[in-house]
Amino acid sequence: MIDFDYVRANDVGDALSQITKHQAAKFIAGGTNLIDLMKEDVEQPTRLIDITGLPLNEIHETQTGGLKIGALVPNSDLAYDERITQRYPLLSSAILAGASPQLRNMASTGGNLLQRTRCLYFYDTATPCNKRSPGSGCGATEGFNRMNAILGWSKSCIAVHPSDMCVALSALEAVVHVAGPKGDRAIKSADFHRLPGDTPEIDANLARDEIITAIELPSEEFPRNYSYLKIRDRLSYAFALVSVAAALRIEAGAMTCARLALGGVAHKPWRAPDAEQSLEGKRPSREAFAEAADIILQGAVGFAHNRFKIELARRAIVRALEQAAAGTPQSQSVKMIV
């Protein structure tokens, strides 16, 4: 592991001052991703700024009827908070589908948003990777790409975002609150993560000298008709081949609102408003759900080892929407058998 300095931030202002002064510094909270990357020599910060003492570890009601989640709330606390399980069970289900209990106890909500890809070539410093080393090439394109993207990829990068929590936050249309030297701002979840384009090394629309302070959930809750479906190679502690967050509002037998987000298929949680709109006003049915799946997967293109993910995603979307329409009370994880 590289040599680095370690300091503790006293407050948000101090944290911002520290990150501004030291160009190669990184914030650290739970460290469940950053420490691994440092061990693999992928990340090489010269200073770690410990932010665990900042007052960002509580969940508050908002004036508009939603919830504001501090960036340092542990994933486990968030998943089991009664307000989340009763009002936003889709989020709880997604969190519990990821990692392990030990990691969820350590991982912070803000840090979860900033997870870096688990692409094999990103972690292997002996191979080319534009995300790790811009301009070096993408080893996954012609390499082993079973876990990689089928949507939104570019010639520079076919990596996928690994978070389960972020897929649910996207479907719930959460807002990310950040602070920086230029002041505070709010970023819609749909705009927080980026597609790779020509700059795959930039994962999110968060400046280097900004810090996440909170994630806000709107008042729209979807407490009954929801489902988080995760398909993976083993039933525990594995990243998604495909995941689907589905939420519906059903009135008088018809869908009046639909939310649909995919994980494991793109550089960011993937939503298609046209697919959601295609469901509104219709009665829940396999035909309607298949039509939405076709819309959201328009333009999907696979590679040598991951073309199966297109059909897998189509079937997963239909199944997740069927579960949501039936009022599935919990998440479903499926092992991929090959």
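These figures come from a predicted structure and were not determined experimentally.

**Q** Summarise the overall build of the protein; cite the residues concerned and give the values.
**A** Counting its secondary structure elements, the protein contains 14 helices and 12 strands. Radius of gyration (C-alpha) of the protein: 19 Å, near the 20 Å computed for a compact globule of 338 residues. With the C-alpha coordinates of the protein rotated into their principal frame, the extents come out at 60 × 50 × 35 Å. Considering the protein as a whole, with its 338 residues, one finds that 55% of them fall into the buried category. Of the contacts formed within the protein by residues at least 6 apart in sequence, a portion of 66% connects residues at least 24 apart. For the protein, the computed accessible surface area is about 14,900 Å², with 50% contributed by carbon and sulfur atoms.

**Q** Could you give an account of the domain arrangement of the protein, with specific residues and numbers?
**A** By domain assignment, the protein separates into domain 1 (5-52) and domain 2 (226-326). Relative placement of domain 1 and domain 2: their C-alpha centres are 36 Å apart.

**Q** How would you summarise empty space enclosed by the protein if you had to cite specific residues and measurements?
**A** All told, the structure shown has 3 cavities of 30 Å³ or more when counted by the stated rule. If you add up the space inside the largest cavity, you get close to 60 Å³. What lines the largest cavity is a set of 13 residues, and nearest its centre among them are Cys119, Cys129, Cys138, Cys157 and Ile158. Residue classes in the lining of the largest cavity are distributed as 8 nonpolar, 4 polar and 1 charged.

**Q** Summarise the side chain of arginine 132; cite the residues concerned and give the values.
**A** Residue placement: arginine 132 occurs in the loop between helix H8 (120-123) and helix H9 (139-142). Among buried Asp, Glu, Lys and Arg side chains, arginine 132 stands out as unpaired, with aspartate 124 the closest opposite charge at 6.4 Å. Of note is the side chain of arginine 132, whose polar atom sits 2.5 Å from the backbone oxygen of tyrosine 121. Engagement of the side chain of arginine 132 in a polar contact is seen with the backbone oxygen of aspartate 124, the distance being 3.1 Å. Sequence-distant contacts of arginine 132, defined by excluding residues within four places in its chain, comprise Val42, Tyr121, Phe122, Asp124, Thr125 and Thr127.

**Q** Can you tell me about the layout of surface pockets, naming the residues and giving the values?
**A** Where empty space is left can be seen by rolling a probe of water-molecule size over the atoms. Reported here for the second largest pocket is a volume of approximately 430 Å³. Around the second largest pocket sit 26 residues that line it, and Arg118, Cys119, Leu120, Met147 and Phe239 are the ones nearest its centre. When the residues that make up the lining of the second largest pocket are grouped by side-chain class, the tally is 14 nonpolar, 7 polar and 5 charged.

**Q** Give me the lowdown on the packing of aromatic side chains, citing residues and values where you can.
**A** Taken as a whole, this structure holds 2 aromatic pairs when the rule is applied. Taking 5.8 Å as the distance between ring centres and 80 degrees as the angle between the ring planes, the aromatic pair formed by phenylalanine 122 and tyrosine 123 counts as edge-to-face. Judged by its relative accessible area of 0%, phenylalanine 122 is buried. Taking the ring centre of phenylalanine 222 as reference, the NZ or CZ of arginine 249 above it sits at 4.8 Å.

**Q** So, the sheet that holds strand S5 (residues 67-70): which residues are in play, and what are the values?
**A** In space, the 5 strands of this open sheet follow the order S4-S5-S8-S6-S7, with antiparallel pairing throughout. Looking at strand neighbours, the two that pair on one side only are strand S4 (59-61) and strand S7 (183-188), the edges of this open sheet. Ignoring strand direction, the axes of neighbouring strands in this sheet form an average angle of 25 degrees. Summarising the sheet, strand S6 (residues 175-180) and strand S8 (residues 211-217) pair through 5 bridges and their orientation is antiparallel. Across the sheet, the residue bridging to valine 176 is isoleucine 215, located in S8.

**Q** Break down the state of the cysteines for me, citing the residues and quoting the values.
**A** Under the defined criterion, the tally for this structure stands at 0 disulfides. Unpaired in terms of disulfides, cysteine 119 finds its nearest cysteine sulfur in cysteine 129, a separation of 6.1 Å. By relative accessible area, cysteine 119 is classed as buried at 11%. As a non-bridged cysteine, cysteine 157 has cysteine 138 as the owner of its nearest cysteine sulfur, 5.7 Å distant.

**Q** Break down unusual backbone geometry for me, with residues and values.
**A** As a rule of thumb, non-glycine residues mostly have phi less than zero, and peptide bonds are mostly trans rather than cis. Phi at glutamate 173 takes a positive value of approximately 55 degrees, unusual for a residue other than glycine. Position of glutamate 173 relative to the elements: it lies in the loop between helix H10 (165-171) and S6. Of note, phenylalanine 222 is a non-glycine position whose phi angle comes to about 50 degrees, a positive value. Structurally, phenylalanine 222 is set in the loop between S8 and strand S9 (226-232).

Rules used throughout
- Residues numbered from 1 in each chain as written.
- Predicted model: local features only at pLDDT ≥ 70, side-chain atom pairs only at ≥ 80, totals over all residues.
- Heavy atoms only, no water.
- Helix = DSSP H or I, 4+ residues; strand = E, 2+ residues; numbered from the N terminus.
- Rg over C-alpha atoms; globule rule 2.2 N^0.38 Å.
- Buried < 20%, exposed > 50% of the residue type's maximum accessible area, 1.4 Å probe, protein only.
- Contact = heavy atoms within 4.5 Å.
- Areas by Shrake-Rupley, 256 points an atom, 1.4 Å probe, with all protein chains shown as cover.
- Domains from an automatic or database assignment.
- 1 Å grid on protein atoms, 1.4 Å probe; cavity = no way out; pocket = protein on both sides within 12 Å on 5 of 7 lines; lining within 4 Å.
- Points joined across faces, edges and corners; volume = space filled by probe spheres on them.
- Nonpolar A, V, L, I, M, F, W, Y, C, P; charged D, E, K, R; others polar.
- Lys, Arg positive; Asp, Glu negative; His and termini not counted.
- Salt bridge = Lys/Arg side-chain N within 4 Å of Asp/Glu carboxyl O.
- Polar contact = N/O pair within 3.5 Å; in protein donor to acceptor, adjacent residues only side chain to side chain.
- Phe/Tyr/Trp six-rings, centres within 6.5 Å; stacked < 30°, edge-to-face > 60°.
- Lys NZ or Arg CZ within 6 Å of the ring centre and 35° of its normal.
- Pairing = 2+ DSSP bridges.
- Axes fitted to C-alpha atoms, helices over the stretch in contact; angles between N-to-C directions.
- Disulfide = S-S within 2.5 Å.

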